[in-house]
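Here's the letter readout for the chains.
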Amino acid sequence: MNRDQIMKILPHREPMLLLDDAECREETAIGHYTVRGDEFFLQGHFPGNPIVPGVILCEILAQSACVLMQKQMEEGKLPVYTGLDRVKFRSPVKPGDTVTAQCRIKRAKHPFYFAEGTVTVDGRLCVSADFSFAIQGA
């Protein structure tokens, strides 16, 4: 799905919509985002050597997971992080990199969802994490 289709699921908008495209393959969500270099989060992180902050990479994971939750993400619903566990930052992500986020829901007890995921660039592992979120009503 493209950005317009993603915006029908996610409440995020610029500058916090961090998926260029996404798809579901069986029970796995796969999202992509190409780091342009002009993003707000790179302005001071770090001058002369921009690196995507880890929290932004975790947000890309969470947004990708929400693609799996299309049916639960009705109008007015908000996905809210409730936890991050076993987060490992392995390799930096820089401008020009295309991030691939893959995640799957391990278990669910609505409104809580527990997931695991990875962020890679050209097959290089950058982040791995377990995380949880809740889908809140309007």
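Structure first, text after, so check above.
Scoring rules and cut-offs
Residues numbered from 1 in each chain as written. Predicted model: local features only at pLDDT ≥ 70, side-chain atom pairs only at ≥ 80, totals over all residues. Heavy atoms only, no water. Helix = DSSP H or I, 4+ residues; strand = E, 2+ residues; numbered from the N terminus. Buried < 20%, exposed > 50% of the residue type's maximum accessible area, 1.4 Å probe, protein only. Contact = heavy atoms within 4.5 Å. Areas by Shrake-Rupley, 256 points an atom, 1.4 Å probe, with all protein chains shown as cover. Lys, Arg positive; Asp, Glu negative; His and termini not counted. Charge placed at Lys NZ, Arg CZ, Asp CG, Glu CD. Salt bridge = Lys/Arg side-chain N within 4 Å of Asp/Glu carboxyl O. Phe/Tyr/Trp six-rings, centres within 6.5 Å; stacked < 30°, edge-to-face > 60°. Lys NZ or Arg CZ within 6 Å of the ring centre and 35° of its normal.

*Asks:* I'd like to hear about the overall build of the protein chain, residue by residue, with values.
*Replies:* Each helix and strand in the protein chain was counted, giving two helices and six strands. The order of α-helices and β-strands along the protein chain, N terminus first, is α-β-β-α-β-β-β-β. Each principal axis of the C-alpha distribution contributes one length, and for the protein chain these read about 45 × 30 × 25 Å. Counting every position in the protein chain, which comprises 138 residues, the buried fraction comes to 43%. Pairs at least 24 apart in sequence give 61% of the contacts found in the protein chain among residues at least 6 apart. Accessible surface, the protein chain: about 7400 Å² in total, of which carbon and sulfur atoms supply 50%. Counting 16 positive and 17 negative side-chain charges, the protein chain places the averaged centre of each group 6 Å from the other.

*Asks:* Can you explain the pattern of salt bridges? Please cite residues and give values.
*Replies:* Across all of its chains, the model carries nine salt bridges by this definition. One salt bridge in this structure joins R3 and E14, with 2.2 Å as the shortest N-O distance. One end of the pair, R3, is in helix α1 (residues 3-7); the other, E14, is in the loop between α1 and β1 (21-25), with 11 residues separating them in the sequence. A relative accessible area of 53% means that E14 is categorised as exposed. Notably, a salt bridge pairs R3 with D20, separated by 3.4 Å at the nearest N-O pair. Taken together, the positions of R3 in helix α1 and D20 in the loop between α1 and β1 put the pair 17 residues apart, joining distant regions of the chain. Several salt bridges share partner residues, and in doing so they unite R3, E14 and D20 into one network.

*Asks:* Break down the packing of aromatic side chains for me, with residues and values.
*Replies:* Counted by the stated rule, this structure contains three aromatic pairs. Centre to centre, the rings of Y81 and F131 are 6.0 Å apart; their planes meet at 75°, and the pair counts as edge-to-face. Residue Y81 is found in strand β3 (residues 78-89), and its partner F131 is found in strand β6 (residues 124-136); the two are separated by 50 residues along the sequence. Plain terms: the ring middles of Y113 and F133 are 5.8 Å apart, the flat faces sit at 25° to each other, and that makes the pair stacked. Within this pair, whereas Y113 is found in strand β5 (residues 112-121), its partner F133 is found in strand β6, the two being separated by 20 residues in sequence. When its relative accessible area of 2% is taken as the criterion, F133 is described as buried. Geometry around F114 places R107 over its ring, the cationic atom sitting 4.0 Å from the centre.

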